[in-house]
Amino acid sequence: MPSYRSLFRTPEFTPLFLAAAAQTAASTMGGLALGTLVYRATGSPLLSALSMFGPALAQVVGATFLLSGSDRLPPRTALSAIAAVFAAGTAFQAVPGLPPGALLAVVLLSGLVAALGGGVRWGLLNEILTKDGYLPGRSLFNILNGLTQTAGFATGGLLLATISPRGCLLIAAALYLAAALTLRLGLTARPPRTTGRPSVAATWHTNAVLWSSRPRRLTYLGLWVPNGLVVGCESLYVSYAPESAGTLFACGAVGMLAGDVTVGRLLPPAVRAQLATPLLLLLAVPYLAFAARPPLAVAVVCVTVASVGFGASLVQQERLMSLTPDALSGHSLGLHSAGMLTMQGVSAAVAGSLAQVTSPATGMTVMAGASVAVTSGLALAGRTPARNRAVQADAEA
């Protein structure tokens, strides 16, 4: 397996990596600022959660209508244009006097564009790295995500204490613009991976092909649902601890970093392949402690330990790539990304609604319990075909 250091000697990896860092920093700082701005204006946990995680809700629309572009558009043009759109949208959110409805509309439109971006980025990563380089490459991107989220939420929290949320949004817009320039200048002009024009029909057809395989279906559901429900827990940090939400987000990013390093670099393949279900359970179980409404110190420990479980996604992505033809890699990874983010947005809406009528702690507990139940059900479903084959073999013998 290639080392992390060797990846940076691969042409185009470094600009793609640096642009992702800038975009992650922008999304964390901008999301925290927007969530704080909306919560101060409305006092609503639901609207605060939607403002931070609402872009994910639009992913289902993008996955339905736009995802065929993941393999049918030139990667450099698509990625730089998407980053520029995010820069413009984030700058618009900083305009004083905008009603919450207008802010949420921009959030949802940005999410629609993001659905295409995930497929293009991860398809390009799969293209520029060797076959055995994708897992360490994706692991390194996840580590980057954890580190940048830690820095972004910590910096965002400090900035919110000294400047206005709108000032933080303008900084985030500048970071998106820097990402667009890095992608435009740092990537080469590659042709699309698949011929043909992007279309709704092509998107639906490829989605149907990918969904037709039972092993891929179970893998997609494992990638989408359990961690999406836990992100619903995360969406309530602002309403659970309004003055310390940045600390909780930063600690969650540290736990995610630890999980990605362990799974991506320290575990041998034979061990790694067996850990998807245990890691998904680890992701949810610590949040059950929020039923007791723990103080901040205990909440920090729960969040950090739970977030190690996000390493399960690396195991599941490796399996997904082994089940997917190379020509559909961008679309397949885009469907994974869009479905995951859609579930995160749906979960944020559900969690916010629960918190609205009960409490943030109750909402987090319910979402965590649902994640445990789904993980257990998927693990049982994955064992059923193997058990049936064994029974059939015994009967034939």
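Note that the structure is a prediction, hence the values are computed from the model and not measured. (Residues numbered from 1 in each chain as written. Predicted model: local features only at pLDDT ≥ 70, side-chain atom pairs only at ≥ 80, totals over all residues. Heavy atoms only, no water.)

## Examining the overall build of the protein
Which entries qualify depends on this criterion: The helix and strand labels rest on DSSP assignments: H or I over at least four residues marks a helix, E over at least two residues marks a strand, and numbering proceeds from the N terminus. We compute the radius of gyration from the C-alpha atoms alone; for a globule the expected value is 2.2 Å times N to the 0.38, where N is the number of residues. Each residue gets one of three labels from its accessible area relative to the maximum for its type: buried under 20%, exposed over 50%, partly exposed in between, using a 1.4 Å probe on protein chains only. Contacts are assigned to residue pairs that have any heavy atoms within 4.5 Å of one another. Per-residue and other accessible areas follow the Shrake-Rupley method at a 1.4 Å probe size, with only the shown protein chains counted as cover for residues. Only four residue types enter the tally: Lys and Arg on the positive side, Asp and Glu on the negative side; His and the chain ends are excluded. Each charge is placed at NZ for Lys, CZ for Arg, CG for Asp and CD for Glu.
Counting its regular elements, the protein contains 19 helices and 0 strands. The C-alpha radius of gyration of the protein comes to 20 Å, within 12% of the 21 Å expected for a compact globule of 397 residues. Considered along the principal axes of its C-alpha atoms, the protein spans approximately 70 × 50 × 40 Å. Of all 397 residues assigned to the protein, the portion counted as buried reaches 55%. Within the protein, counting contacts between residues at least 6 apart in sequence, those at least 24 apart form 87% of the total. Surface accessibility of the protein: about 15,700 Å² in total, with carbon and sulfur atoms responsible for 70%. Counting 23 positive and 11 negative side-chain charges, the protein places the centres of these two groups 5 Å from one another.

## Let's talk about the packing of helix α2 (residues 13–42) against helix α9 (residues 165–186)
We count it as follows: For every element, the axis is a line fit to its C-alpha atoms; helices are fit only across the contacting stretch, and the angle between N-to-C directions ranges from 0 to 180 degrees. Oblique is the label for any angle not under 35 degrees, not over 145, and not in the 65 to 115 range, which are roughly parallel, roughly antiparallel and roughly perpendicular in turn. The handedness criterion is simple: a crossing whose near helix is rotated anticlockwise from the far helix by less than a right angle is left-handed, and one whose near helix is rotated clockwise is right-handed. In this classification, Asp, Glu, Lys and Arg are treated as charged, Ala, Val, Leu, Ile, Met, Phe, Trp, Tyr, Cys and Pro as nonpolar, and every other residue, Gly included, as polar.
Where α2 meets α9, the closest approach of the two axes is 8 Å, and the angle between their N-to-C directions is 160°. Between α2 and α9, the angle falls in the class roughly antiparallel. Taken as a pair, α2 and α9 cross one another with a handedness that is left-handed. For the contact of α2 with α9, the per-class residue count stands at 20 nonpolar, 5 polar and 2 charged.

## Regarding the nonpolar core
Most often, soluble globular proteins have nonpolar side chains that are buried together. Cut-off, in case you're wondering: Only buried residues count toward a nonpolar core, which is a set of Ala, Val, Leu, Ile, Met, Phe, Trp, Tyr and Cys residues joined through side-chain atoms within 4.5 Å.
The biggest cluster of nonpolar side chains holds 100 residues, and the ones touching the most others in it are Phe13, Phe141 and Tyr287. Among the elements that make up this core, the one with the highest residue count is α2 (14 residues). Ignoring sequence-local partners within four residues, the contact set of Tyr287 consists of Val230, Cys233, Glu234, Tyr237, Val303, Ala306, Met364, Thr365 and Ala368.

## Considering the pattern of salt bridges
Selection rule: Salt bridges, as used here, are contacts in which a Lys or Arg side-chain nitrogen is within 4 Å of a carboxyl oxygen on Asp or Glu.
Applying the stated rule across the entire model yields 3 salt bridges. For Glu12, the salt bridge is made with Arg190, and the minimal N-O distance between the two is 2.7 Å. Note that Glu12 is positioned in the loop between α1 (4–7) and α2 and Arg190 in the loop between α9 and α10 (200–211), a separation of 178 residues in sequence. Judged by relative accessible area, Glu12 falls into the buried class, the value being 10%. Among the ionic pairs, Arg272 bridges to Glu318, the shortest N-O distance being 3.1 Å.

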